[in-house]
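Architecture at a glance
Here is what each chain is made of, one letter per residue.
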Amino acid sequence: MLKNKKIILGITGSIAAYKAATLTRLLVKEGAEVKIVMTPAAKEFITPLTLAPLSKNPVLCDFFHPDNGEWNSHVDMGIWADLMLVAPATANTIAKMAHGICDNLLLTTYLSVRCPVMLAPAMDTDMFLHAATRNNIQELKTRNSIFINSPEGELASGLQGKGRMEEPENILKAVINFFLPKNILKGKSFIVTAGPTFENIDPVRFIGNYSSGKMGYAIAEALAEQGAAVSLISGPVNIQALHKNITVTKVMSAQEMCTNTINKFKNADGAVMAAAVADYTPTTKSSEKIKKQSETIHLDLIPTKDIASELGKLKNKNQILIGFALESSNEIANAKKKLISKNLDFIVLNSLNDKGAGFNYDTNRITIIDKNNKIEKYELKTKSDVAEDIVKKIVTLL
């Protein structure tokens, strides 16, 4: 997957530097040519002697070669590379990169590269969450630096939280994804539904749910990033679509979402049903605010149309249909039933039992089940990263 790709691997002074040996081996195994640049502090955690045979290249640590005084040219390195990957990236190195400080070979190389830069942060959770670090990360993002998600877990200090360096296998996936062809969905059109629906009881009250729309919007952005024209049909949410390839249709009720989705589906290559559509709606909707007249009130509810099922009936052999299932018990079995009954190509399962997943979180943990009964479980990730995983699965179907 990485044949002939030229990668500078920067290693900084973090205890996570030991993972760089595995990461180097994985990159080389995938065909990449890897040249390693270490900070002086990194040598306290892992030796150049370990990394040189793994990378099949000399490891550079100093501005000048200690034996013959030959200059290690950061300029030549910057021209040579297709990607600079800093893993682990400490708070100190991130701060220096954000402010243009170049007091070691890694940092002068960073200021010289013409290629994109990817970083895998590694630090204690308090350092990671500190405003200074967050500002430095944001500053580097404005310069198009790519940050690999820092997962939650046990840290070297014994604390629990974000700040761990991502595992080498997942960093490898991020690097492979970076080199994948872009605009692979150009010429394709997709419908994405997102957010909740509100079923009016009267002009001021409604039946709804806690969906924020973040997952659906992230999927729309990920599809658009790959060149697809996206029709985003959105319930009431407080977020905006950013990509120019996304056209947004705002709806309120399940019926409005259903009508708009069905009308657009016949001309689409596929649909991703990420909205949390109300299952029931009142039989009657008062045109005036209902006054409190007694201790109890009775609402008669009728089922709304199952939009995914309706599209499943309409789907032709050239279209793909993706559904979502939010479950709290018998998750896999219930998701499989929906997959079959709604004629889906695959279903994305969320569990209410997973911490950090579900409504209103910025993270999600999913399981994808396809119509061939293949089950793929993913770790907790940001919803934008989850969206990329879902779009990769879509690409394999097309």
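Right above here is the structure, for reference.
All values derive from a computational prediction rather than experimental measurement.

Considerations on the packing of aromatic side chains
Applying the stated criterion across every chain yields a total of 2 aromatic pairs. With a centroid separation of 4.8 Å and 80° between ring planes, the pair formed by Phe178 and Phe179 is classed as edge-to-face. By relative accessible area, which is 18% here, Phe179 ends up buried. Each ring, one from Phe198 and one from Phe206, has its centre 3.9 Å from the other, and the planes form 15°; the classification is stacked. By relative accessible area, which is 41% here, Phe206 ends up partly exposed.

So, the nonpolar core
For soluble globular proteins, nonpolar side chains are generally found buried alongside one another. Leu27, Leu85 and Val175 are the most contacted members of the largest nonpolar core, which totals 34 residues. No other element matches helix 1 (residues 19–29), which puts 6 residues into this core. When sequence neighbours within four positions are dropped, the list of residues in contact with Val175 reads Leu2, Ile7, Leu27, Leu83, Leu85 and Met118.

A short note on the sheet that holds strand 12 (residues 246–250)
In a beta sheet, neighbouring strands are held together by backbone hydrogen bonds and run either parallel or antiparallel to one another. The 8 strands lie next to each other as 12-11-8-13-16-17-19-20, forming an open sheet whose pairing is mixed. One side of each edge strand has no neighbouring strand; the edge strands of this open sheet are strand 12 and strand 20 (375–377). Across this sheet, the average inter-strand angle for adjacent strands is 15°, counted without regard to direction. Pairing analysis gives 5 bridges linking strand 11 (residues 229–234) to strand 12, with the strands arranged parallel. If you follow Ser231 over to strand 12, its bridge partner there is Thr247.

Thoughts on the pairing of strand 13 (residues 270–273)
Neither face of strand 13 is open: one carries Gly270 and Val272, the other Ala271 and Met273, and all of them are buried. Across 4 bridges, the pairing between strand 8 (residues 189–194) and strand 13 is parallel. For Val192, the partnering residue across the bridge sits in strand 13 and is Val272. As paired elements, strand 13 and strand 16 (residues 320–327) share 4 bridges and run parallel to each other. Across the sheet, Met273 pairs through a bridge with Gly323, a residue of strand 16.

The rules we used
- Residues numbered from 1 in each chain as written.
- Predicted model: local features only at pLDDT ≥ 70, side-chain atom pairs only at ≥ 80, totals over all residues.
- Heavy atoms only, no water.
- Phe/Tyr/Trp six-rings, centres within 6.5 Å; stacked < 30°, edge-to-face > 60°.
- Buried < 20%, exposed > 50% of the residue type's maximum accessible area, 1.4 Å probe, protein only.
- Core = buried A, V, L, I, M, F, W, Y, C linked by side-chain atoms within 4.5 Å.
- Helix = DSSP H or I, 4+ residues; strand = E, 2+ residues; numbered from the N terminus.
- Contact = heavy atoms within 4.5 Å.
- Pairing = 2+ DSSP bridges.
- Axes fitted to C-alpha atoms, helices over the stretch in contact; angles between N-to-C directions.

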